[in-house]
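# Observations on the three-dimensional arrangement
The lines below spell out each chain.
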Amino acid sequence: MKKWILMFWLAAGIPGMLQAQPSFPRYPRSAAFLHASPGAFDEGMLGYVNPAATALLLTPEARLFFGADAGHLSANREWGLLAGAPNLGLGWVRRGDVDEYHTSLAGGGEALAIGLGYGWTKGGLQEQRMVSAGALIRPSRYASIGLSGLFSLDDAQREGVLDLALRPLGSDRLTLFGDLAMADHDNLKTAPYSLGAVVKLLPGLHLTARWFDSQAWSTGLSFSLGSAGLYARRAIAGDDQADRDYYGLRLGGKRESILLRRNTRYYAQNIRGGIRYQKFRWFDDESLSLSTLLADLQGVIEDPAVAGVALNLSGMAANHELVWELREKLQEVRRADKKIIVFLERGGMTEYHLASIADRIVLDPEGMLQLQGYIMGRTFQKELLEKVGLGFDEWRFFKYKSANESLSRDSMSEADREQRQALLDDLYAVVREDICTSRHITPARFDSLINTAVLFDAADALRYGLADTLGRWIDADKIVESIEKGKKPFISAGQLAKHTMHRPEWGGRPKIALVYAIGVCDLESGIQARKLEKTFKKLTEDKSIRAVVLRVDSPGGDGLASDLVAEAMKRCAGEKPVIVSQGSLAASGGYWLSMYADTVVAAPYSLTGSIGVIGGWVWNKGLGEKLGLRADHVQVGDHADLGFGIQLPLLGVQVPDRNLTPEERDRMEMMIRAMYEGFVGKVAAGRGISPDSVGQIAQGRVWSGLAAQKIGLVDVIGGMEKAIALAREAAGIPAGREITIVEYPRPALFDFSVWMPRLLGSALPLPREDAEMDYLKKIARHPGQPLPLLTPDYYLQ
């Protein structure tokens, strides 16, 4: 800090430079319109004095200032017109016959901002061209340090300004400030300075008082009306000069308002298509991410001007778990006494589960509800493989690890049937309870509707109390108006107060990292374990990151990939809190990623557990002969031909020519069991329970989040927001303090696949690879490799 101050003061040419010319805008004159020092209150003069100030603006704003002798508005008038936008400032000030112009550019953030400016004067004894530089340093919510320098390009005149402000209470309720300006001829004894305070009397109403070393002083009031504001200040001269009155008007730059507007608008959101974890940084305005939706709904809760939410679920595509998280957040919206109106064209169990949270469900007049319950199943391919000439040997040594059943059997095993039925029972129970509570339906009535009616057209939905009115999204504003008995204009997420309201708190916000481990556990694809390992190493060493939340949505895969990430996360957990948030799926290798967390958070029907290992062997049992393919080889080593066989054209898959020998299979069983014991031991160490206890709930059994909490695999039922709240608490960040969420990996720039079909000469979307075939290919590409993995049908429901 001393280096910063010394740099600006030395640049100011202290002491002994030329005397100022009247047209050089010294700080006491330039800052005449200010109620306080530039960094203490209301972004100063939008970069006119300190060019770094506009880095803190969220939206454009303009200010008009006027000054004159007290009681004589026509005497010695001064005018100022300033405009600012994020990182940009423009200004014009007229005093007598001198016009001053200034432009500035800024960059940085809430903790440190820097800026450069250029200005010129017209009129006066000597016209001037000037450059300015400034910095605004806010190391915490208690202190702000401003540094600025103004340098003439036409002569040797220079000036440096130090601006210091303190907030003893850590908020804008009380701000103490002081500033010191040193010009060419000044030293520490002769440099002009001032001291003062800003007191927040009410939201949007501030009282300022300022004392100058010349014995002058001033008092003022600032009134904020939200997107507009008024300023009034009287400066009492300490000598024979006349007292001065200053007035100001702000337009734009939303701030707390003294006039509280309540329940005047509706937040409208069209949830069409899928809900993703991350959006692309460019050209992706239409997409929705879970974190963005949750943050926007929190903004609705905090914005007193928002009366309710209008959601269009027509065309929504999201899994049960994401819908549950969104529904839980909407429940908070309702508890904040804000209405929710949902529009729906067609819907099944998942869509209706979300819609049921609404105060009003508006169904399309030609719409339909299809409430038939839930089903889980799979296609068994044993006979198909035999007919095409592929042999398959299932290496299954644990009761519930059923991933390869579809390739080795023609029907579901009793163990798999048991665990799948339990999963569906938990899912159905949660959905039934939620819908019955929201729609005031008895469980028996709900069961009857599911089991007897199934399909409901618009008239049926009204008759059975599943919908409240009929209408379409295009008429949403009129429908809301009829429900609210008055107009409620719709706003988008970008118009919520959280995105437009000036942030009064100083300093950078505490950071929490949100890391995504999405997809199969693989070294290079899916979760990209090698990159994820490096990410955790970086987060472990980064002191600015207070805690880490790992969002896991993975069916497992390669045990090595899972272990690389788990061990890196374990080291990170030794330095700072690490919380795992399990999405729709965190089983097998996905649970491996979770086990070393300080706290594991799961949704009621997150699929988790599946602590087990499985393997399988696909071999050529006549396929080559049918296709006219034959492999030949030479070898050194008795088992060198293990895995060698025909290469299937186009698919890029090699099919071994033979099955394992009994000795080789015994060796493979030993490896799988050893890997399983290691998996169990790691879970026991991570969860703080005995290996025997883990063994009783392992065996590859898949559990719902609710069941997993009862047996100790999960700590808390909740979603991503709950995990972040726990991370905040564990890091010692106060509940009311704003935080910054830093996402890893960084979102991609844009979706290249949008242009791929056209580049390939087709306007049609590219076909999606069949998940079951992808699973079979994964086994074939990893011959003999034990895999902690779930079969795709678990996560494609």
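In this report, the structure presented in the accompanying data block is examined. (Residues numbered from 1 in each chain as written. Predicted model: local features only at pLDDT ≥ 70, side-chain atom pairs only at ≥ 80, totals over all residues. Heavy atoms only, no water.)

## What about the overall build of the protein chain?
- When you go through the protein chain residue by residue, the secondary structure sums to 22 helices and 36 strands.
- If you line up the protein chain on its principal axes, its C-alpha atoms span 105 × 75 × 60 Å.
- Among the 797 residues that make up the protein chain, the fraction classed as buried is 53%.
- Pairs at least 24 residues apart make up 65% of the contacts formed inside the protein chain by residues separated by at least 6 positions.
- With an accessible surface of roughly 35800 Å², the protein chain has 56% of that area assigned to carbon and sulfur atoms.
- Taken as two groups, the 92 positive and 95 negative side-chain charges of the protein chain have centres that lie 3 Å from each other. (Helix = DSSP H or I, 4+ residues; strand = E, 2+ residues; numbered from the N terminus. Buried < 20%, exposed > 50% of the residue type's maximum accessible area, 1.4 Å probe, protein only. Contact = heavy atoms within 4.5 Å. Areas by Shrake-Rupley, 256 points an atom, 1.4 Å probe, with all protein chains shown as cover. Lys, Arg positive; Asp, Glu negative; His and termini not counted. Charge placed at Lys NZ, Arg CZ, Asp CG, Glu CD.)

## Some words on the sheet that holds strand β17 (residues 288–289)
- With respect to topology, three strands assemble into an open sheet ordered β17-β16-β19, the strand pairing being parallel. Strands at the two margins of the open sheet, each flanked by one partner only, are β17 and β19 (316–317).
- As judged from the two bridges shared by strand β16 (residues 273–276) and β19, these two strands associate in the parallel manner. Opposite Gly273, over in β19, you have Met316 as the bridge partner. (Pairing = 2+ DSSP bridges.)

## Some points on the pairing of strand β5 (residues 112–122)
- Because side chains alternate across β5, one face comprises the buried residues Ala113, Gly115, Gly117, Gly119 and Thr121, and the other comprises Leu112, Ile114, Leu116, Tyr118, Trp120 and Lys122, none of which is buried.
- Alignment of strand β4 (residues 98–108) against β5, held across 10 bridges, turns out to be antiparallel. Along β5, the bridge assignment pairs Gly108 with Ala113.
- Judged from the nine bridges that link them, β5 and strand β6 (residues 129–140) form a sheet pairing that is antiparallel. When the sheet's bridge partners are listed, Gly117 is paired in β6 with Ser132.
- A loop of six residues connects β5 with β6, the two strands running antiparallel in sequence, and Gly123 in this loop sits at a positive phi of about 95°.

## A short note on the pairing of strand β14 (residues 244–252)
- When strand β1 (residues 61–69) meets β14, the two strands line up antiparallel, connected through nine bridges. Each bridged residue has a counterpart across the sheet, and for Ala62 the counterpart in β14 is Leu251.
- Sheet analysis places strand β13 (residues 228–236) next to β14, joined by eight bridges and oriented antiparallel. Each bridged residue has a counterpart across the sheet, and for Ala228 the counterpart in β14 is Leu251.

## Some details on unusual backbone geometry
- With an omega of -5°, the peptide bond between Tyr744 and Pro745 qualifies as cis.
- Tracing the backbone through its elements, the reader meets Pro745 in the loop between β36 (740–744) and α21 (756–759).
- Its identity is not glycine, yet Leu46 carries a phi of approximately 55°, on the positive side.
- You can see Leu46 is positioned in the loop between α2 (27–30) and β1.

## Some thoughts on the packing of aromatic side chains
- Throughout the structure, instances matching the rule amount to 16 aromatic pairs.
- With centroids separated by 6.1 Å and ring planes inclined at 40°, the aromatic side chains of Phe65 and Tyr231 adopt a geometry described as tilted. Residue Phe65 is found in strand β1, and its partner Tyr231 is found in strand β13; the two are separated by 166 residues along the sequence. The exposure classification of Phe65 matches that of Tyr231, with both residues buried.
- Members of the aromatic cluster, joined through ring pairs, are Phe33, Phe65, Tyr231 and Tyr246.
- In this arrangement the basic side chain of Arg463 is found over the ring face of Tyr464, its NZ or CZ atom lying 5.5 Å from the centre.
- The side chain of Arg701 reaches across the aromatic face of Tyr400, ending 4.9 Å from its centre. (Phe/Tyr/Trp six-rings, centres within 6.5 Å; stacked < 30°, edge-to-face > 60°. Lys NZ or Arg CZ within 6 Å of the ring centre and 35° of its normal.)

## Remarks on the environment of Gly308
- As for its placement among the helices and strands, Gly308 is situated in strand β18 (residues 306–312).
- Sequence spacing of Gly308 and Arg265 is 43 residues, and the spatial spacing of their C-alpha atoms is 7.2 Å.
- Apart from residues lying up to four places away in sequence, Gly308 is in contact with Arg265, Tyr266, Tyr267, Lys338 and Lys339.

## Considerations on the environment of Arg255
- Within the secondary structure layout, Arg255 lies in the loop between β14 and β15 (265–270).
- Residue Arg255 is classed as buried on the basis of its relative accessible area, which comes to 7%.
- In the structure, Arg255 is positioned 151 residues away from Ser104 in sequence and 23 Å away in space, judged by C-alpha atoms.
- Those residues in contact with Arg255 that lie beyond four places of it in its chain are Asp42, Glu43, Leu57, Glu61, Arg63, Ser224, Gly226, Arg250, Met501 and His502.
- At a separation of 2.6 Å, a polar atom in the side chain of Arg255 contacts the main-chain carbonyl oxygen of Gly253. (Polar contact = N/O pair within 3.5 Å; in protein donor to acceptor, adjacent residues only side chain to side chain.)

## Let's talk about the side chain of Glu394
- Relative to the assigned elements, Glu394 resides in strand β22 (residues 390–395).
- Within polar-contact distance, the side chain of Glu394 engages the side chain of Ser408 at 2.7 Å.
- Dropping the residues within four chain positions of it, Glu394 is found in contact with Asn404, Glu405, Ser408, Ile614, Gly615 and Arg665.

## Observations regarding the pattern of salt bridges
- Under the criterion given, the structure shown has 48 salt bridges.
- A salt bridge links Glu110 to Arg509; its shortest N-O distance comes to 2.6 Å. With a gap of 399 residues between them, Glu110 in the loop between β4 and β5 and Arg509 in the loop between α12 (497–500) and β26 (511–518) connect regions that are remote in the sequence.
- What makes Glu110 partly exposed here is its relative accessible area of 25%.
- We classify Arg509 as partly exposed; its relative accessible area is 25%.
- Arg509 is the salt-bridge partner of Glu738, the closest N and O atoms lying 2.8 Å from each other. In this pair, Glu738 sits in the loop between α20 (720–730) and β36 while Arg509 sits in the loop between α12 and β26, placing the two residues 229 residues apart along the sequence.
- One continuous salt-bridge network, built from bridges that share partners, spans Glu110, Arg503, Glu505, Arg509, Arg737 and Glu738. (Salt bridge = Lys/Arg side-chain N within 4 Å of Asp/Glu carboxyl O.)

## Digging into helix α9 (residues 443–453)
- Within the span of α9, buried status applies to Phe446, Asp447, Leu449 and Ile450. Summarising the axial view, the buried residues of α9 lie within an arc of 160°, below the 170-degree limit, and thus occupy one face. The exposed set on the far side of α9, more than 90 degrees from its buried face, consists of Ala444, Asn451 and Thr452.
- In the core, the buried residues of α9 are packed alongside α5 (349–355), α8 (414–439) and β23 (455–457). (Arc of directions from axis to C-beta.)

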